[in-house]
Amino acid sequence: MKLFVSEGNPHCLKVLAALEVCGVQCDVQYVNHEEKVVPFLSRPALPALLLPSGQHLFSSNAICRYLFEVNGQDSSELCNQWLEWEATELQPALLEALHITVVQGKGSEVPKVLQGPLNYLDQSLSKGNTTYLTGKAVSVADVVLWAALYPILSDSSLALGECKCVKTWFDRGAVMHSFQSAAQKVLQGKGLQGMKSFMQRQPAPRSSQCRDTQQCNSNPAEGDEGERVVSEAEMEAAALTWSKGLNIGPSTIDRQHPILPQEGKRNLLVTSALPYVNNVPHLGNIIGCVLSADVFSRYGRLREWNMLFVCGTDEYGTATENKAREEGLTPQQICDKYHAIHSSIYKWFQIDFDYFGRTTTEKQTEIAQDIFWRLHKHDFLVEDTVEQLRCESCQRFLADRFVEGICPHCTYPEARGDQCDKCGRLINAVELREPQCKVCRQTPVIRSSKHLFLDLPKLETQLEQWLDKSTSTGDWTANAKQITRSWLRDGLKPRCITRDLKWGTPVPHPDFKEKVFYVWFDAPIGYLSITANYTDKWEKWWKNPDEVELYNFMAKDNVPFHSVVFPCSLLGAQDNYTLVGHLVATEYLNYEDTKFSKSRGVGVFGDMAKDTNIPSDVWRFYLLYVRPEGQDSAFSWADMATKNNSELLNNLGNFINRAGMFVTKFFDGCVPVMELQQEDKKLLALVGWELQQYIQLMDKVKIRDALKHILNISRHGNQYIQVNEPWKKIKGEDAERLRAGTVTGVSVNIACLLSVMLFPYMPTVSQTIRDQLNAPLSIISTMLQGNGTFVCALSAGHRVGTVSPLFQKLEMDQIEALKKRFGGQQTTAQKAASTQSAAVPAPATATAAAAAEVAPVNGVDPEKAKQLTQAVAEQGDKVRALKTQKADKAVITAEVTKLLDLKKQLALAEGKSPEPAPQKGKKK
């Protein structure tokens with residue numbers, strides 16, 4: 001064997017370290033960075049390993065794995081998972097970090113780039129509780145990750161934060177001779193500067209904000225290579241398909257209810273995570289669950305799959321009780337009120353559920369209790385006494401999400417009682433440091449209570465067997481697989497399924513009759529009960545795993561409950577339940593550069609979108625354009641305007657409008673005769689290829705990636721029109737007039753295809769295009785069949801309807817006004833301050849008492865007090881966070897001053913005399 005490496009190449013550090021660790025005999029040859037040692041590659045590829053068979057390996061990870069296998073150490077599944085993570089997640093971030101520090105000299109920016117991967121590695125090491133990544137011995141995963149991180153972690157000038165487990169693991173490798181020797185050979189004792197020559201030859205990597213197509217809000221087509229080369233055979237095949245015309249088949253996509261599985265058809269059951277009833281969904285909630293599921297369901301119906309799309313409001317739990325108390329209503333009244341709000345919002349966003357139900361139903365109680373008794377019968381439930389936090393001020397046990405405190409693992413100051421949003425670790429509420437009740441901000445006390453647990457360890461083997469099959473055959477997003485693996489890697493623990501609440505599905509066991517089911521046991525059963533309220537034949541969907549495919553759509557925080565907890569409940573019930581085969585999870589959508597916050601007035605919430613006078617289809621388009629498929633993404637007003645004006649108005653809308661207007665203006669509203677030339681056939685082949693890519697991606701639920709192929713088609717069409725200039729040729733001789741007719745006819749047929757492809761994304765626009773073109777209904781049953789069929793749907797003589805523009809420009813002054821309106825400038829505190837005079841205590845006269853129903857008594861303003869209580873809580877959180885982060889003293893002092901001012905305003909709103917802030921004196 002011969003190994004080709006180059007000095008200063010970080011990838012070569014991996015293979016030399018692996019070679020040293022394994023002790024395999026191999027000739028090592030140093031070459032320059034530009035040398036091509038793999039004969040069939042057009043570009044340099046180092047490192048490269050020439051095998052005795054004459055074949056080459058030129059992936060550093062593959063070479064490392066091969067060397068370990070030659071040494072008799074096969075890679076475990078866990079090892080392979082780490083190698084996959086290193087290649088897909090860590091390596092892109094590392095290359096960016098190296099470019100920033102070595103080429104640009106901006107070492108201070110490196111921690112921001114590597115924070116995510118290093119935190120994940122740190123969490124995994126702390127959870128694994130092993131010496132190395134996969135056990136007690138060094139594996140190929142340790143070598144690859146150690147060597148990848150060596151240039152960065154060995155540089156003391158880079159402050160990379162407190163990742164203690166990573167540091168301990170890295171230091172363990174750093175003292176090994178094999179690692180030191182490999183580093184010396186590659187870096188020549190120069191550290192990061194030893195890679196400068198290599199890094200300067202590399203193209204600048206995409207930033208972490210734009211690396212993933214889901215993270216960057218730029219044009220999805222940007223970065224694509226030049227126009228695809230089309231062969232003669234492809235052109236002729238495209239022309240032949242074009243000539244076949246429309247199918248004579250179903251002419252409508254209307255559904256007949258109830259929809260039930262059909263033998264011989266692909267039966268898909270689609271659910272989106274049940275939204276909490278007690279709040280108004282924001283844009284992130286909408287794209288993460290219901291909108292994504294709606295797009296896929298609409299697409300599936302176009303494909304003539306047998307689809308059932310169900311959802312509903314999740315209505316039980318502490319959150320509902322607290323909301324009811326806040327608004328002075330009963331829990332049921334709160335559920336009725338907000339269920340109607342949710343329904344209205346989703347209707348405006350054109351979410352086309354087959355049934356939108358709710359969990360506060362008799363069917364929910366019936367099915368949940370049946371599953372409970374089956375788990376009990378099969379001995380999958382255990383009893384235990386639990387220490388819980390109880391708020392004496394609120395006189396109730398606190399649900400996990402109503403406790404906040406400092407994470408015991410990473411010291412994040414706003415960790416919830418069930419999970420830390422920063423490090424992702426699961427938490428028992430009693431483990432939180434400095435816990436607070438989120439309702440009243442008092443410190444809760446610990447009390448004991450007897451509860452029932454689902455025995456997850458007993459179900460772990462069954463779960464893993466099912467997961468192996470489901471994740472290998474179904475479409476699970478990478479984050480869903482990763483989150484599920486992390487749970488299993490730690491080993492499952494019994495999970496509590498009961499709670500000390502009143503508002504919930506009652507536990508039927510006589511020893512626990514005062515308790516209700518915990519929402520995470522109960523809520524997913526809502527999918528079943530909602531279907532049961534839709535049709536009494538619900539079991540044909542939910543107890544039919546051989547004929548039904550289940551798709552779950554959700555944000556990533558819901559993954560463990562859909563991939564572990566709920567499947568275990570159904571497996572343990574042993575009643576032939578349909579389990580999820582495709583788990584589609586998004587990352588988070590942020591608002592501009594911050595988080596959505598109803599209390600701070602930051603972000604667009606579902607009930608506000610329609611008040612912007614921007615059509616719901618435009619909202620749908622932009623949310624799907626920035627859908628956080630691989631990493632968090634952000635909603636941006638400026639970007640939304642740009643995408644509307646460039647992609648919708650100037651690209652898509654411009655092409656479709658021009659095509660239709662040419663028919664109306666030049667050919668009296670009738671599609672002209674078309675005689676295809678090679679240029680036309682080439683366009684048909686390009687469009688056909690884009691259609692095929694669209695179908696392949698949509699089949700795999702790559703919703704955002706598929707959208708770029710729609711926009712690519714209209715780009716092809718615009719270019720085709722510009723090159724051929726039919727508005728000029730129509731004035732020429734017969735041959736030129738014929739050419740103008742062909743270009744117009746082909747273009748208007750492409751517009752017809754686009755109307756079908758757009759339907760899942762922009763249903764109203766899709767219908768408008770079909771109406772304007774007077775398109776036959778059978779286009780729906782033709783275009784998306786098989787791998788995609790682009791046919792001539794509007795033949796010569798077809799009369800179009802009235803053509804008009806599809807989109808309007810979003811002006812910057814309009815966008816700036818909206819940005820200001822939803823940017824939180826008018827905060828709760830400012831609102832309160834602007835009306836502070838109304839809160840000044842007044843004499844308790846008879847006149848004032850008589851006016852009690854219409855004005856605050858004694859200066860008391862309950863609504864304002866409620867707003868200010870929230871503002872004080874948030875400002876207090878901010879101050880605590882700054883102190884935890886050891887921020888600059890001046891910054892902390894300024895924020896403390898704001899907090900004290902808010903407390904004064906709160907005292908006034910509550911009719912109290914604001915106490916002066918205590919003066920701190922120096923100790924003598």
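Thresholds, definitions, all that
Residues numbered from 1 in each chain as written. Predicted model: local features only at pLDDT ≥ 70, side-chain atom pairs only at ≥ 80, totals over all residues. Heavy atoms only, no water. Pairing = 2+ DSSP bridges. Helix = DSSP H or I, 4+ residues; strand = E, 2+ residues; numbered from the N terminus. Axes fitted to C-alpha atoms, helices over the stretch in contact; angles between N-to-C directions. pLDDT = per-residue confidence, 0-100. Contact = heavy atoms within 4.5 Å. Parallel < 35°, antiparallel > 145°, perpendicular 65-115°, else oblique. Left-handed = near helix turned anticlockwise from the far one by under 90°. Nonpolar A, V, L, I, M, F, W, Y, C, P; charged D, E, K, R; others polar. Phe/Tyr/Trp six-rings, centres within 6.5 Å; stacked < 30°, edge-to-face > 60°. Buried < 20%, exposed > 50% of the residue type's maximum accessible area, 1.4 Å probe, protein only. Core = buried A, V, L, I, M, F, W, Y, C linked by side-chain atoms within 4.5 Å. Expected span 1.5 Å × (residues − 1). Right-handed = clockwise from strand over helix to strand, strands pointing away.

Attention now goes to the sheet that holds strand E6 (residues 306–313). In space, the 5 strands of this open sheet follow the order E7-E6-E5-E17-E18, with parallel pairing throughout. For this open sheet the edge positions go to strand E7 (355–358) and strand E18 (580–586), each flanked by a neighbour on one side alone. Strand after strand, the sheet turns through a mean of 20° between neighbouring axes, direction not considered. Where E6 and E7 come together, 4 bridges link them in parallel fashion. The residue bridging Cys311 from the neighbouring strand is Phe356, located in E7.

For the protein chain, the mean per-residue pLDDT works out to 85, and 88% of the residues sit at or above 70. With pLDDT under 50 throughout, residues 209–225 is counted as low confidence; its partners more than four residues away or in other chains account for 52 contacts. Segment residues 915–924 is flagged for pLDDT under 50; beyond a separation of four residues in sequence, or across chains, it makes 1 contact in the model.

Looking now at the packing of helix H15 (residues 478–490) against helix H19 (residues 559–573). In the contact formed by H15 and H19, the axes pass within 9 Å of each other and the chain directions differ by 55°. Considered as vectors, H15 and H19 are oriented oblique to each other. Where H15 crosses over H19, the handedness of that crossing is right-handed. Residues Ala480, Ile483, Thr484 and Trp487 of H15 form the contact with H19, whose participating residues are Val559, Pro560, Ser563, Val564 and Val565. Across the contact of H15 with H19, the residue classes break down as 7 nonpolar, 2 polar and no charged.

Here the focus is the packing of helix H22 (residues 637–666) against helix H26 (residues 734–758). Put simply, H22 and H26 touch, their axes get as near as 9 Å, and they point 135° apart. Between H22 and H26, the angle falls in the class oblique. The two elements H22 and H26 cross, and the hand of that crossing is left-handed. Between H22 and H26, the residues in contact are Leu652, Phe655, Ile656, Ala659, Gly660, Phe662 and Val663 and Thr744, Ser747, Val748, Ile750, Ala751, Leu754 and Leu758, respectively. Taken together, the residues that form the contact of H22 with H26 break down as 11 nonpolar, 3 polar and no charged.

Another aspect to go through is the packing of aromatic side chains. All chains considered together, the criterion is met by 35 aromatic pairs. Between the aromatic rings of Phe621 and Tyr625, the centroid separation amounts to 5.5 Å while the plane-to-plane angle is 55°, which identifies the pairing as tilted. Of this pair, Phe621 and Tyr625 are both found in helix H21 (residues 616–625), 4 residues apart, which corresponds to roughly one turn of the helix. Summarising the burial analysis for this pair, Phe621 and Tyr625 share the class buried.

The next point concerns the nonpolar core. In this structure, Phe296, Ile371, Trp619, Trp637, Tyr694 and Tyr761 are the most contacted members of the largest nonpolar core, which totals 186 residues. Sort the elements by how many residues they give to this core and H26 lands first, with 12 residues. For Tyr761, the contacting residues outside a window of four places in its chain are Val295, Arg620, Leu624, Tyr694, Met698, Ile703, Ala706, Leu707 and Ile710. The next biggest cluster of nonpolar side chains, apart from the first, holds 63 residues, and it includes Trp85, Leu118, Tyr132 and Val186.

What follows is about helix H27 (residues 763–773). Those residues of H27 lying buried are Pro763, Val765, Ser766, Ile769, Arg770, Gln772 and Leu773. Next to the buried residues of H27 lie helix H10 (283–302), H21, H22, H26 and helix H28 (780–783). At the C-terminal side of H27, Asn774 shows a positive phi close to 55°.

Attention shifts here to helix H9 (residues 232–243). Counted at 1.5 Å a residue, the expected span for H9 with its 12 residues is 16 Å, and the 17 Å between its end C-alpha atoms agrees. Buried residues along H9 sit against helix H23 (678–699) and H26. Just past H9, the residue Gly245 takes up positive phi, approximately 75°.

Within a regular strand, the side chains alternate between the two sheet faces. In the sheet, strand E1 (residues 2–5) pairs with strand E3 (residues 48–50) via 3 bridges, with the strands oriented antiparallel. Looking at E3, one finds that Phe4 is bridged to Ala48. Both E1 and strand E2 (residues 27–30) contribute to a ladder of 4 bridges, which runs parallel. Considered in E2, the bridge of Leu3 is made with Val28. A crossover links E1 with its parallel partner E2, the connecting element being helix H1 (residues 10–22), and its sense is right-handed.

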